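Here are the chains, one letter per residue:
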Amino acid sequence: MTAFNPVTPALLDQLAQIVGAGGISTAQADLDLHAKDQSQHAAHPAEVVIWPSSAQQVADVLKLANTHAIPVTPWGVGTGLEGNSIPLYGGILLSFERMNQIVEVHADDFQVTVQPGIGHKDLNAALARYGLFFPPDPGANASVGGMLANNAAGIRTVKYGASKDNVLKMQVALADGRLIHVGSRSVKQSAGYDLLHLFVGSEGTLGVITEATLKLVPVPQHMSAVVAGFPSIQSAVETVVAVRGSGLDPAALELVDAAHARMLNSVDGVDLPETPVLFMEFHAAQESGLAAGLEMVQQICEEMGATSFKSTTDTAERKRLWHARHHSYEIMVRMHPDKTFFINDVAVPISAYPELIAYVEQLRDTRGITCYMIGHAGDGNIHVEFPYADEAGHALAMEINGLIVMKALELGGTCTGEHGVGIGKAKYLPAEHGEGLDVMRTIKQALDPNGILNPGKVLVEA
Ligand SMILES: Cc1cc2nc3c(=O)[nH]c(=O)nc-3n(C[C@H](O)[C@H](O)[C@H](O)COP(=O)(O)OP(=O)(O)OC[C@H]3O[C@@H](n4cnc5c(N)ncnc54)[C@H](O)[C@@H]3O)c2cc1C
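A quick note: this is a predicted structure, and the numbers were derived from the prediction, not measured. (Residues numbered from 1 in each chain as written. Predicted model: local features only at pLDDT ≥ 70, side-chain atom pairs only at ≥ 80, totals over all residues.)

**Observations regarding the environment of Pro74**
Heads up, the condition is: For helices the rule is a DSSP run of H or I covering at least 4 residues; for strands it is a run of E covering at least 2, with both sets numbered from the N terminus onward. Here exposure depends only on C-beta density: within 10 Å of a residue's C-beta, 20 or more other C-beta atoms make it buried, 12 or fewer make it exposed, and intermediate numbers make it partly exposed, the C-beta atoms being placed from the backbone. By the convention adopted here, residues are in contact when the distance between their C-beta atoms, placed from the backbone, does not exceed 7 Å.
Following the sequence through the fold, Pro74 ends up in strand S3 (residues 72–75). Overall, Pro74 belongs to the buried group, with 27 C-beta atoms counted inside 10 Å. Residues Pro74 and Leu93, spaced 19 residues apart in sequence, show a C-alpha to C-alpha distance of 6.1 Å. When neighbours within four sequence positions are excluded, Pro74 is seen to be in contact with Ser85, Leu94, Phe96, Ala149, Gly204, Val208 and Asn454.

Right, dumping it as structure tokens:
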């Protein structure tokens, strides 16, 4: 990696000429606000925060930074869980908080073109009048740029796909200041190498997304919710496989373990069975479609030994049933005011999910560790959440995390289903990708030969 240079007063002047005096700050408060995401990784400040207001400004900042070997770290809204946007090497923090506009709604094509800083919840609120929505749904109000850069997924991925499945075209600023477009607004695309999906999931290490055209889907007319309790976590996860195998098409299929369910019940109005629980949601164009599906899912749950089953098609009741799952992270943090959390993230093929969960249970019981399991079970994705109070607790959580990652890889899975590599998962990439990692290094070298883009993430020196 190139040795980086400090941001000098002369360079600050040149940056201010690009973005204007109001688009740049070296104030300690601004540096501190952008020094850490929502992960357990330590804060590290940039030397300057820049708020560009156009793609051309982004490209000009990159060109200048590249010439002077200054690191640049893109920042959406900092909800990442792997330190993805922490400016580890200082330099420029490029915040997209002010590039947050809808550029154009192509309602007849079920598409929207946006600037990268728009929050996906804000986007969906604006799209409601068209009866359309952008389905990937990480819990937080993440920016579209941050979601595409991390290939974020979430609760509805089981039906609608991850961020990568819901983007058609992007404008990207390269390290040398070129602005290119990748992909097209055609849903079918077969023209040359798939650069669109090279940049998606690259965590700001290959280029900076300055605009994106997203796929939208009609807001479903009818929705139902199911909350089912099971005598053991194994029967719950085997039900996940059975539901997926039945041909039912859940829009969400989430697992919460008994310890987590007990914790959620401490909130007023939440009344979950204190057993492993599956949350499900189904979407349909016609109400009759929902009724038949609910009957079938109830039958499957009962055959798999469910000890409780609640379903509803009423909107208020559905929202009430889902409330606890949607707010589980905040509830968990509130319940442990003296603890820090590490959230693990691995995914496996669905048939291997029961074995992965059994392995986590075995680790928890034999190592006597406190942890909670919550997962996008329909995608084979699990998050094991470890509260810890001190360095020893952190070290133990890291050790158990490593064992879970290696088990996921052994089962044909991945070290991260949705949070990305960031800082914490980089050490597992050789085990997951083997020589493929050399190809990734070649691509990085071709696009960012000076290594200025988000250094210290994804590909770290061995
Ligand atoms: C309570 C909670 C629940 C969550 N649940 C989920 C979940 O269910 N699924 C899930 O996938 N994630 C989840 N996350 C993680 C997080 O929301 C996602 O990783 C999200 O994609 C981060 O978006 P952001 O805008 O906050 O980006 P940031 O954290 O600011 O940045 C993320 C990465 O994107 C890069 N980046 C940002 N903007 C750009 C750009 N314009 N061009 C290039 N690179 C860019 C950054 O450099 C960094 O590498 C959760 C987080 C929290 C706090």
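We are not done yet, so read on.
**What about the domain arrangement of the chain?**
Spelled out, the test is: Domain extents, as shown, originate in an automatic or database domain assignment. Nonpolar residues are Ala, Val, Leu, Ile, Met, Phe, Trp, Tyr, Cys and Pro. Charged residues are Asp, Glu, Lys and Arg, and all others, Gly as well, are polar.
Along its sequence, the chain is organised into domain 1 (9–97 + 443–447), domain 2 (102–218), domain 3 (222–331) and domain 4 (336–419). Computed from C-alpha atoms alone, the centre-to-centre distance between domain 2 and domain 3 is 29 Å. Across the contact, five residues belong to domain 2 and eight residues belong to domain 3. Classifying every residue of the side of domain 2 that touches domain 3 by side-chain character gives two nonpolar, one polar and two charged.

**Comments concerning the packing of helix H8 (residues 233–245) against helix H10 (residues 287–303)**
Selection criterion: Each axis is a line fitted through C-alpha atoms, and for a helix only the stretch in contact is used; angles between axes span 0 to 180 degrees, taken between their N-to-C directions. We call a crossing left-handed when the near helix sits turned anticlockwise from the far one by less than a right angle, and right-handed when that turn is clockwise.
Two numbers describe how H8 lies on H10: the axes approach to 10 Å, and their chain directions differ by 145°. For the crossing formed where H8 meets H10, the hand is right-handed. Residues Thr239, Ala242 and Val243 of H8 lie in contact with H10, whose contacting residues are Val297, Ile300 and Cys301. Among the residues forming the contact of H8 with H10, the class breakdown is five nonpolar, one polar and no charged.

**Regarding unusual backbone geometry**
Apart from glycine, the bulk of residues carry a negative phi angle, and the bulk of peptide bonds sit in the trans form. Positioned with a positive phi, Asn151 is a non-glycine residue whose angle comes to about 45°. Mapped onto the elements of the fold, Asn151 is located in the loop between helix H5 (144–150) and helix H6 (157–160).

**Regarding H8**
Using the following cut-off: An expected span of 1.5 Å times one less than the residue number is assigned to each helix. Regarding the arc, it is the one traced by the directions from the helix axis to the C-beta atoms.
Its 13 residues give H8 an end-to-end C-alpha distance of 18 Å, which sits within 8% of 18 Å, the value for a rise of 1.5 Å per residue. All of the buried residues in H8 are Ile233, Ala236, Val237, Thr239, Val240, Val243 and Arg244. Projected down its long axis, H8 shows its buried positions confined to an angular sector of 145°, all on one face. Here the buried face of H8 lies against strand S13 (252–256), strand S14 (277–284), H10 and helix H13 (353–367). Looking one or two residues beyond H8, the residue adopting positive phi is Gly247, at roughly 95°.

**Side note on the site of the ligand**
Keep this limit in mind: Residues are counted as near a molecule or strand when the C-beta atom, derived from backbone positions, lies within 6 Å of that molecule or strand.
Around the ligand sit 36 residues, and of these Gly76, Gly80, Gly145, Gly146 and Gly204 come closest. Among the elements of the structure, S3, H5 and strand S10 (208–215) are those that each provide at least two residues to the shell around the ligand. Here the shell around the ligand takes five residues from H5, the largest share from any one element. Residues belonging to the shell around the ligand are distributed by class as follows: 16 nonpolar, 17 polar and three charged. Lining the shell around the ligand are residues from two domains, each supplying at least three of them: domain 1 (9–97 + 443–447) and domain 2 (102–218).

**Digging into the nonpolar core**
Proteins that are soluble and globular tend to have nonpolar side chains buried together. Operational definition: We call a set of buried Ala, Val, Leu, Ile, Met, Phe, Trp, Tyr and Cys residues a nonpolar core when their C-beta atoms link them within 7 Å.
Counting residues in each nonpolar core, the largest one holds 62 residues, and the members touching the most others are Leu255 and Leu278. Residue contributions to this core reach at least three from each of two domains, namely domain 3 (222–331) and domain 4 (336–419). Excluding residues that lie within four positions of it along the chain, Leu278 makes contacts with Ala228, Ala236, Thr239, Val240, Leu253, Glu254 and Leu255. Residues Trp51, Ile92, Leu148 and Val200 belong to the second largest nonpolar core, which totals 57 residues.

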